[in-house]
Amino acid sequence: MAVSRLDVFYRRLLLTKLFIGGWGKPEDLKRIFEFRKIIGDREKCKSLVPMDYPVYINKTEDLTDCKVHDGFFMSPLEHLVPGILPPEAVKARFQFIVPKKWQRNRPVCIHLAGTGDHFFWRRRTLMARPMIKEAGMASLLLENPYYILQRSSLKNVSDLFVMGGALILESTVLLRWLERDGYWPLGMTGISMGGYMASLAVTNWPKPIPLIPCLSWSTASSVFTTGVLSKAVNWTELEKQYAVNSVYEEEIIKLLEYCGFVYLVFTVMTNYCVAQMIVVLLHDKPLCSHSSFCCLTALFFILKIFFLSVFRNCGAHNSHWKKTDSAKLNRPSLHKESISFMKGVMDECTHMANFSVPVDTSLIIVVQAKEDAYIPRTGVLSLQEIWPECEVRYLNGGHISAYLFKQNVFRQAIYDAFNRFCLKYPNLH
């Protein structure tokens, strides 16, 4: 996949480092991995957030074209995984931007924040107010849990997973609050990390809903291991912690389940091949029996070689080193092990294949840049493979140019997804 030079150049201009604190507390990783098993299953989440969860409006501002309501509520994650959120993020904050006059229905789109999108100004100016003018559509802007008071504090890898869990539950609170007040239709969107988080939230919603993820893809693992952001990761600290604290490779690695999915596919495919071999031998004509059997045998061994190589890659970090104090930080493969561990934990908590499929994937319109250096698509499952009926619209250029110059394309995708929903579910409200 060709990558945008602008993406690479822009990232070089930024001096910020990612995950300067390291992996995060091992006990936090363990708790969030266990919670992922619940929140990744829509059926298990039906009663996590009460239907009448309290939401409060504490300020209203009258502008020329709209009203802006500031609101807040307590993040449900604090009740379900106590103490996992930083204290300042326990109270979720949002802005609800509504037209002064509704044209017909009362449509609302929830916008989640992208990386560095602090507070509400950017989304309000570039998306929410133009959407009122163009389509009479209201917007609800949810503040990122780690961007409260315009401070970004994603110091640990675990913070990203905590953020995802919080935003899934907080989006559920807001969707139910909007439903109670009669707004319809409802949808979700976001750009970059915001698009990814909106996708996570929709996997947990028990009804058909328009989803428009822009400049995001199926997993965050490639973002931090092969994309341009991988150069900003503080690998020195991550490698040090991985080498010194054996809990990461001796305990946490056992909680990762994504490679188990590969094993399941391997088992099903190889069993199918064996079964077909038996059928051919028992029922096929002698002439075609030999050729059919040879083809199936070849397929069996190709699958075996392929999946065993995948197992080795997935499990490379499972081999326990017999470390001595002097060798811990100097073993040749430490960097590769750390990258492998990063991929494992990222896929565990961020891969869309580990979450429920949205109720109606035909209501999903993905907008992606062809030369996106931030969101690599090579070597990972595509969203079309995970969500079979979703539509993907590709833009020329990279991540940065699309963000700067294609906001109108993102908005048009939102309108198209909402129109698609209204045509398909005119009475679902």
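Rules of the game
Residues numbered from 1 in each chain as written. Predicted model: local features only at pLDDT ≥ 70, side-chain atom pairs only at ≥ 80, totals over all residues. Heavy atoms only, no water. Core = buried A, V, L, I, M, F, W, Y, C linked by side-chain atoms within 4.5 Å. Buried < 20%, exposed > 50% of the residue type's maximum accessible area, 1.4 Å probe, protein only. Contact = heavy atoms within 4.5 Å. Patch = residues over 30% accessible without salt bridge, like charges linked within 9 Å, V, L, I, M, F, W, Y side chains within 5 Å. Areas by Shrake-Rupley, 256 points an atom, 1.4 Å probe, with all protein chains shown as cover. Salt bridge = Lys/Arg side-chain N within 4 Å of Asp/Glu carboxyl O. Helix = DSSP H or I, 4+ residues; strand = E, 2+ residues; numbered from the N terminus. Axes fitted to C-alpha atoms, helices over the stretch in contact; angles between N-to-C directions. Parallel < 35°, antiparallel > 145°, perpendicular 65-115°, else oblique. Left-handed = near helix turned anticlockwise from the far one by under 90°. Nonpolar A, V, L, I, M, F, W, Y, C, P; charged D, E, K, R; others polar. Phe/Tyr/Trp six-rings, centres within 6.5 Å; stacked < 30°, edge-to-face > 60°. Lys NZ or Arg CZ within 6 Å of the ring centre and 35° of its normal.

Per an unreviewed UniProt entry, the recorded name for the protein is Abhydrolase domain containing 18, and the organism is Amphiprion ocellaris.

### Observations concerning the nonpolar core
Ranked by size, the top nonpolar core spans 95 residues in total, and within it Trp 23, Phe 33, Phe 96, Phe 161 and Met 188 carry the most contacts. Beyond its immediate sequence surroundings of up to four residues, Phe 33 is in contact with Phe 161, Ile 252, Leu 255, Leu 256, Val 345, Glu 348 and Cys 349. By size, the runner-up hydrophobic cluster in this structure holds 19 residues, among which are Cys 109, Ile 191, Ala 369 and Leu 395.

### Concerning a nonpolar patch on the surface
Taken together, the side chains of Leu 6, Phe 9, Tyr 10, Leu 13 and Leu 14 present a nonpolar region at the surface, about 460 Å² in accessible area. As for its placement among the helices and strands, Leu 6 is situated in helix α1 (residues 5–13). Residue classification places Leu 6 among the partly exposed residues on the basis of a relative accessible area of 36%.

### Some thoughts on the packing of helix α5 (residues 157–180) against helix α6 (residues 193–203)
Packed helices, taken two at a time, are described by their axes: the angle between them and the distance between them. Running from N to C, α5 and α6 cross one another at 55°; their axes reach a closest spacing of 8 Å. Of the possible angle classes, the one that applies to α5 and α6 is oblique. The handedness of the crossing between α5 and α6 comes out as right-handed. Residue-level inspection shows Leu 160, Met 163, Gly 164, Leu 167, Ile 168 and Ser 171 of α5 in contact with α6, the latter providing Met 193, Met 197, Leu 200 and Ala 201. Classifying every residue of the contact of α5 with α6 gives eight nonpolar, two polar and no charged.

### What to know about the packing of aromatic side chains
Taken as a whole, this structure holds 16 aromatic pairs when the rule is applied. Centroid distance Trp 102 to Tyr 183: 6.0 Å. Interplanar angle 55°. Geometry classified as tilted. Here Tyr 183 lies in the loop between α5 and β6 (186–191) and Trp 102 lies in the loop between β3 (91–99) and β4 (108–112), a separation of 81 residues in the sequence. Accessibility expressed as a relative area gives 25% for Trp 102, which makes it partly exposed. Judged by centre distance (5.8 Å) and plane angle (55°), the rings of Trp 184 and Phe 421 are tilted. Here Trp 184 is found in the loop between α5 and β6, whereas its partner Phe 421 is found in helix α15 (residues 407–424), with 237 residues between them in sequence. Of the two residues examined, Trp 184 and Phe 421, each falls in the buried class. By the ring-pair criterion, three or more aromatic residues cluster together here, those being Tyr 53, Phe 73, Phe 94, Phe 96, Trp 102, Trp 177 and Tyr 183. Of note, Arg 106 hangs over the ring of Trp 102, and the distance from its end group to the ring centre comes to 6.0 Å. Above the ring of Trp 217, the side-chain terminus of Arg 377 is found at 5.9 Å from the ring centroid.

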